[in-house]
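What follows is each chain in one-letter form.
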Amino acid sequence: RSGEMAKLTQLIDNEVFRAYATYATIVLLKMMLMSLITAYFRITRKAFANAEDTASFGKGENAKKYLRTDPDVERVRRGHLNDLENIVPFLGIGLLYALSGPELYTALLHFRIFVGARIAHTFAYLIPLPQPGRGLSWAVGYAVTISMAYKVLKTALYL
Amino acid sequence: RSGEMAKLTQLIDNEVFRAYATYATIVLLKMMLMSLITAYFRITRKAFANAEDTASFGKGENAKKYLRTDPDVERVRRGHLNDLENIVPFLGIGLLYALSGPELYTALLHFRIFVGARIAHTFAYLIPLPQPGRGLSWAVGYAVTISMAYKVLKTALYL
Amino acid sequence: RSGEMAKLTQLIDNEVFRAYATYATIVLLKMMLMSLITAYFRITRKAFANAEDTASFGKGENAKKYLRTDPDVERVRRGHLNDLENIVPFLGIGLLYALSGPELYTALLHFRIFVGARIAHTFAYLIPLPQPGRGLSWAVGYAVTISMAYKVLKTALYL
């Protein structure tokens, strides 16, 4: 068993894989932060989606009026969904890319630009910045993922 | 080639990795169940999102009235989206955590609590239970993921 | 370090893992395409979700009228969300399946059918095809994922 553990440890000791582990974890924590921001706006704007969430405001019509959508809540939720749509491909393609033997320098460049772009995208969405701020940060993360997908297919293609 | 297969088999033979494989698969099957529950409510409540889904109810206005939202359908869909938002971080961070060499006991504790919390979250959402039932089950799964992320970054950090 | 790199390269040299890498990347690129199709319909239908996205159409009421939902945009977004709900389980369960030592022929069959079913699902959603076209393509991908989950649990179960 200790032989197997050593082999697993070697995977996490590989520098490219460690870089992937670090940046994937950071961008997932950033995505998880969207849940807290949604909760913050739901509570401060008093805008909830479920009847049981408004029970503390009293009963009947008094509580029902807080079952509503709020522009700030919806904005965070759109940002959260956009994260899911873009971070899921990064997680999958990025893992395969990290296993495809890229140069450490090139891999770090991909991971750093992607995570930076997604953090910029969040600020652009929540502030909000005028376009093309959000559009550009989205496109940069998208292009980085395509570039990693190209490397994976070039290395591993088996149809 | 058989040498390579042996190495892959060793990965799936590692106990922590097997535990990850088991709990990740269970929680993904649970998430997939949400699709079936959505379909069940769409059919029993006759509430559809696409015109082609209502064609069996006849043509024109007769079918159009089933293109509507239903509170039960929307509730399941919110639960499904919440699963995506929380299970995606668990999948990514949990895989890296399993590769970071945790104690088997500690790893099992993390995986079991996370999966238990998400199953509890689903019941809390669908019954629905009064708050803070759903909120607590969500927070427990969230905290477990943060704890695994801390271990990953402590072991693998490479910026 | 070169010893570790060799081991990583062996993972990506394994034929089953290469097949997983190929089909996972293809289906993620297909999912990413949904973002571009959404953008295409938002621009051609002039239907946006954020005030800052309509600023180029002028100020005030003139721009505000483009803050609206459009049936074509919503259809693509439902297809995109359905992708997320089904491709995330494939990514996670498929990776574990590829590591569980399946026969190459069986693994290729699973991956090819899943990716084919999701491409068919996208066409069925966007054309749209009459039911049960979309329903069947969804069910085929779902069944393939269940089949892989069964193999993972049979090989790795550790509760």
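Here, residues in each chain are numbered from 1, in the same order as that chain's written sequence. Naming scheme: in the order in which they are written, chains are lettered from A and ligands are numbered from 1. For a predicted model such as this one, the threshold for reporting local features is a pLDDT of at least 70, and the threshold for listing and counting side-chain atom pairs is 80 or more; totals across whole chains, interfaces and linings nevertheless cover every residue. The side-chain quantities take in all heavy atoms of the structure and omit both hydrogens and water.

Participant: Sorry, what's going on with the overall build of chain A here?
Facilitator: Each helix and strand in chain A was counted, giving six helices and zero strands. Labels follow the DSSP assignment, with helices taken as runs of H or I lasting at least four residues and strands as runs of E lasting at least two, numbered in each case from the N terminus. Listing each helix as α and each strand as β along chain A from the N terminus yields α-α-α-α-α-α. Radius of gyration: over C-alpha atoms. The globule rule applied is 2.2 Å multiplied by the number of residues raised to the 0.38 power. Relative to its length of 159 residues, chain A is extended, with a C-alpha radius of gyration of 20 Å against a globular reference of 15 Å. By its C-alpha atoms, chain A is 60 × 45 × 30 Å across when sized along the principal axes. Taken across its 159 residues, chain A has 53% of its residues classed as buried. Type-normalised accessible area, obtained with a 1.4 Å probe on protein chains alone, sets the label of each residue: buried when under 20%, exposed when over 50%, and partly exposed for intermediate values.

Participant: How do you make sense of the interface of chain A and chain B when you look at a structure like this?
Facilitator: Interfaces are often described in size by the accessible area the parts lose on coming together. At the junction of the two partners, chain A supplies 40 residues and chain B supplies 39 residues. Buried area: the accessible surface (1.4 Å probe) lost by two parts on joining, summed over both. When chain A packs against chain B, the two sides together hide about 3,400 Å² of surface, and 68% of this comes from carbon and sulfur. The working definition used for a salt bridge is a side-chain nitrogen of Lys or Arg within 4 Å of a carboxyl oxygen of Asp or Glu. Close ionic contact of Glu52 of chain A with Arg75 of chain B constitutes a salt bridge, the shortest N to O distance being 2.9 Å. Taken together, the elements giving at least two residues each to the side of chain A that touches chain B come down to α1 (2-13), α2 (15-44), α4 (71-98) and α5 (104-126) of chain A. Looking at the side of chain A that touches chain B, the element that brings in the most residues is α2 of chain A, giving 18 residues. Any pair of residues with heavy atoms lying within 4.5 Å of one another is described as a contacting pair.

Participant: Would you take a moment to explain the relation of the copies chain A and chain B for this structure?
Facilitator: There are two copies of the chain, and a rotation about an axis plus a shift along that axis relates them. Overlaying chain A on chain B yields an RMSD of 0.0 Å, the required transformation being a rotation through 120° with an accompanying axial translation of 0.0 Å. Here the two chains are linked by the operation of a three-fold rotation axis. Nearest to the rotation axis, the C-alpha of Val88 of chain A is located 4.3 Å from it, this being the minimum over chain A. Mapped onto chain B, only 18% of the interface residues of chain A are again interface residues, and the two copies thus contact each other with different surfaces. The atoms used to superpose the copies are C-alpha atoms, taken from residues with pLDDT of at least 70 in both, and the fit is least squares.

Participant: I'm lost on the interface of chain B and chain C in this one. Help?
Facilitator: At the junction of the two partners, chain B supplies 40 residues and chain C supplies 39 residues. Note on chain B versus chain C: buried area summed over both sides is about 3,400 Å², and carbon and sulfur give 68% of it. Connecting chain B to chain C are three salt bridges. Salt-bridge contacts for Glu52 of chain B lead to Arg134 of chain C; the nearest nitrogen and oxygen are separated by 3.3 Å.

Participant: Would you mind showing me how to read α4 of chain A here?
Facilitator: Quick reminder: α-helices carry 3.6 residues per turn. Residues three or four places apart thus point the same way. All names here are of chain A. The span one expects for a helix is its residue count, reduced by one, times 1.5 Å. The end-to-end C-alpha distance of α4, which contains 28 residues, comes to 39 Å, matching closely the 40 Å that a straight helix rising 1.5 Å per residue would cover. Its maximal kink placed at Asn86, α4 deviates by approximately 25°, while the proline Pro89 follows within four residues. Most of α4 is tucked away, with 23 of its 28 residues classed as buried. Each polar contact in these results corresponds to two N or O atoms within 3.5 Å; when the atoms are within protein, one needs to be able to donate a hydrogen and the other to accept it, and residues that are neighboring in sequence are counted only if both atoms are side-chain atoms. The residue sitting at the N-terminus of α4 and contributing the capping side-chain oxygen is Asp70; that oxygen lies 2.8 Å from the backbone nitrogen of Asp72. At any given residue, the bend is defined as the angle formed between two axes, one fitted to the seven residues that end at that position and one fitted to the seven that begin there.

Participant: Explain the side chain of Ser137 of chain A here, please?
Facilitator: Residue and element names in this part refer to chain A. Within the secondary structure, Ser137 is located in helix α6 (residues 133-156). By relative accessible area, which is 7% here, Ser137 ends up buried. Setting aside anything within four residues of it in sequence, one finds Ser137 in contact with Ala117, Ala120 and His121.

Participant: Would you mind showing me how to read the environment of Leu104 of chain C here?
Facilitator: Relative to the helices and strands, Leu104 of chain C is located in helix α5 (residues 104-126). The spacing of Leu104 of chain C and Glu15 of chain C is 89 residues in sequence and 7.0 Å in space, taken between C-alpha atoms. Setting aside anything within four residues of it in sequence, one finds Leu104 of chain C in contact with Tyr158 of chain A together with Glu15 and Val16 of chain C.

Participant: Would you mind showing me how to read the packing of aromatic side chains here?
Facilitator: Centre distance within 6.5 Å is the pairing criterion for rings of Phe, Tyr and Trp, where only the six-membered ring of Trp is used; planes under 30 degrees apart are then read as stacked, over 60 as edge-to-face, and the remainder as tilted. Overall, the coordinates contain 32 aromatic pairs over all chains when judged by the stated rule. Geometrically, a charge over a ring is one whose NZ (Lys) or CZ (Arg) sits within 6 Å of the ring centre while staying within 35 degrees of the ring normal. In this structure, Arg134 of chain B is placed above the aromatic ring of Tyr125 of chain B, and the distance from its NZ or CZ to the ring centre is 4.4 Å.

Participant: I'm lost on the UniProt feature "transmembrane region" (unreviewed entry) in chain A in this one. Help?
Facilitator: UniProt positions are given in the numbering used here, feature names are shortened, and annotations may be inferred rather than shown by experiment. The positions UniProt marks with the feature "transmembrane region" (unreviewed entry) are residues 20-41 and 87-115 of chain A. Between the first and last C-alpha atoms of residues 87-115 of chain A the distance is 9 Å; the span itself is 83% helix and 0% strand.

Participant: Quick question: what am I supposed to make of a nonpolar patch on the surface here?
Facilitator: Residue and element names in this part refer to chain A. A cluster of nonpolar side chains, namely Tyr105, Leu109, Ile113 and Val140, defines an oily patch on the protein surface of about 390 Å² accessible area. Per element, the largest residue contribution to the nonpolar patch is three residues, and it comes from α5. Within the secondary structure, Tyr105 sits in helix α5. Residues enter patches when they are more than 30% accessible in relative terms and free of salt bridges; like-charged ones are connected within 9 Å and nonpolar ones (Val, Leu, Ile, Met, Phe, Trp, Tyr) within 5 Å. Each accessible area is a Shrake-Rupley result for a 1.4 Å probe, and residues are judged covered by the shown protein chains and nothing else.

Participant: Is there a simple way to explain unusual backbone geometry in this structure?
Facilitator: For residues other than glycine, phi is negative in most cases, and the peptide bonds are mostly trans. Residues Ile127 of chain A and Pro128 of chain A are joined by a peptide bond in cis, for which omega reads -15°. Following Gln131 of chain B, the chain continues into Pro132 of chain B via a peptide bond in cis, with omega recorded as 10°. One non-glycine residue, Lys46 of chain A, lies in the positive phi region at around 50°. Structurally, Lys46 of chain A can be placed in the loop between α2 and α3 (61-64).

Participant: Any chance you could explain the nonpolar core here in plain terms?
Facilitator: For soluble globular proteins, nonpolar side chains are generally found buried alongside one another. We define a nonpolar core as any set of buried Ala, Val, Leu, Ile, Met, Phe, Trp, Tyr and Cys residues linked to one another through side-chain atoms lying within 4.5 Å. Counting residues in each nonpolar core, the largest one holds 115 residues, and the members touching the most others are Phe111 of chain A, Phe111 of chain B together with Phe111 of chain C. Beyond its immediate chain neighbours, meaning those up to four positions away, Phe111 of chain B contacts Val16, Ala19, Tyr20, Tyr23, Phe90, Gly94, Tyr97, Ala98 and Met148 of chain B. Within the second largest apolar cluster, six residues are counted, among which are Ile37, Ala47, Val73 and Val76 of chain A.

Participant: Can you help me understand the packing of helix α4 (residues 71-98) of chain C against helix α6 (residues 133-156) of chain C in this one?
Facilitator: Two numbers describe a pair of packed helices, the interaxial angle and the distance between the axes. All names here are of chain C. Closest axis-to-axis distance for the α4/α6 pair is 9 Å, and the angle between their directions is 25°. Relative to α6, the element α4 is oriented roughly parallel. The hand of the α4/α6 crossing is left-handed. On the side of α4, the interface is formed by Asn82, Asn86, Pro89, Phe90, Ile93, Gly94, Leu96 and Tyr97, while α6 contributes Trp138, Tyr142, Thr145, Met148, Ala149, Lys151 and Val152. To obtain an axis, a line is fitted to C-alpha atoms, over the contacting stretch when the element is a helix, and the angle between two such axes runs from 0 to 180 degrees between their N-to-C directions. Each angle gets one of four labels, with under 35 degrees taken as roughly parallel, over 145 as roughly antiparallel, 65 to 115 as roughly perpendicular, and the rest as oblique. Crossings are sorted by hand: turned counterclockwise from the far helix by less than a right angle, the near helix makes the crossing left-handed, and turned clockwise it makes it right-handed.

Participant: I tried to follow the packing of α4 of chain A against helix α4 (residues 71-98) of chain B on my own but got confused; where do I start?
Facilitator: The contact between α4 of chain A and α4 of chain B brings their axes to 11 Å, and the two run at 30°. Between α4 of chain A and α4 of chain B, the interaxial angle falls into the category roughly parallel. For the pair α4 of chain A and α4 of chain B, the sense of crossing is left-handed. In this structure, α4 of chain A contributes Arg77, His80, Leu81, Leu84, Val88, Leu91 and Leu95 of chain A to the contact, and α4 of chain B contributes Leu81, Leu84, Glu85, Val88 and Leu95 of chain B. A per-class count over the contact of α4 of chain A with α4 of chain B returns nine nonpolar, one polar and two charged. Throughout, the ten residues Ala, Val, Leu, Ile, Met, Phe, Trp, Tyr, Cys and Pro are labelled nonpolar, Asp, Glu, Lys and Arg are labelled charged, and all others, Gly among them, are labelled polar.

Participant: Looking at this model, I keep getting lost on the pattern of salt bridges. Mind explaining?
Facilitator: Should their charged atoms come close, side chains of opposite charge can pair. Evaluated as defined, the whole model comprises 21 salt bridges over all chains. Arg134 of chain A is paired through a salt bridge with Asp53 of chain C; the nearest N and O atoms lie 2.9 Å apart. Placement of Arg134 of chain A in helix α6 and of Asp53 of chain C in the loop between α2 (15-44) and α3 (61-64) is noted, with the two residues assigned to different chains. What makes Asp53 of chain C buried here is its relative accessible area of 14%. One continuous salt-bridge network, built from bridges that share partners, spans Glu52 and Asp53 of chain A together with Arg75 and Arg134 of chain B.

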